[in-house]
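Working through the structure, step by step
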Amino acid sequence: MKLSLPVAFGAISRLQAPSFPLRSPRFLFIEVNKRCNLKCQHCDFWLRTDDDRDRYLSVPGRSAVIAEFAELSPNGNVVICGGEPMLDLEDYFALARSCRENGVRALSVVNGTRIRSPALAERMILEGPHEISISLNSPCEAQHDETRGVKGAFKKAVRALRLLIEARSRLGVNSTRIYVMG
């Protein structure tokens, strides 16, 4: 039996919503930028620019998206990412603050090259994401630097890890998780 077009569309429009509960999303990924200061073999962000930044959603606009996500998914996680999100430090911290104010967990993966001082490490622990992952491609300095395309990237990443762990200990804050991501 062949259905006429109006009958077929009528059948589609009468579809019922699913009888099972829909789950809210667990993750929201928010990009700070599209550029990076490393030249990783496995990524092309270092080839990109932010020459279209004027078309990006503003920080207040992204914060509004975070607030809406928090209502939709109160147990959700916001991943603050990019390229290298810490290249735009104040935007990075503004988005982490928005997550904290809206009661959602903030996670971030950074390459570690921008965390250079105890003061910035303390700010990361107090104001930054709840979970900070530093990317390391290898426990071997030469292999990590080769993969990342920049000599000295390994030493900077390891120093960032040490600064973060020391800051967390000094401040007595155990709620910030610090990870190595490979």
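Before any of the text, the structure's been laid out above.
**Focus: the pairing of strand β3 (residues 105–110)**
Summarising the sheet, strand β2 (residues 77–81) and β3 pair through 4 bridges and their orientation is parallel. Across the sheet, residue isoleucine 80 finds its bridge partner in β3, namely serine 108. Direction of pairing for β3 relative to strand β4 (residues 131–135): parallel, over a ladder of 4 bridges. In the strand pairing of β4, serine 108 is matched with isoleucine 132. Where the polypeptide runs from β3 across helix α4 (residues 118–127) and back to β4, its parallel neighbour, the crossover connection is right-handed.

**Side note on the pattern of salt bridges**
Within the structure shown, the criterion is met by 12 salt bridges. In this structure, the salt-bridge partner of arginine 35 is aspartate 88, at a minimum N-O distance of 2.9 Å. Taken together, the residues span a long stretch of sequence, with arginine 35 in the loop between β1 (27–31) and α2 (59–72) and aspartate 88 in the loop between β2 and α3 (89–101) at a distance of 53 residues. Taking relative accessible area as the criterion, arginine 35 reaches 24% and is therefore assigned partly exposed. Taking relative accessible area as the criterion, aspartate 88 reaches 14% and is therefore assigned buried.

What counts, and at which threshold
- Residues numbered from 1 in each chain as written.
- Predicted model: local features only at pLDDT ≥ 70, side-chain atom pairs only at ≥ 80, totals over all residues.
- Heavy atoms only, no water.
- Pairing = 2+ DSSP bridges.
- Helix = DSSP H or I, 4+ residues; strand = E, 2+ residues; numbered from the N terminus.
- Right-handed = clockwise from strand over helix to strand, strands pointing away.
- Salt bridge = Lys/Arg side-chain N within 4 Å of Asp/Glu carboxyl O.
- Buried < 20%, exposed > 50% of the residue type's maximum accessible area, 1.4 Å probe, protein only.

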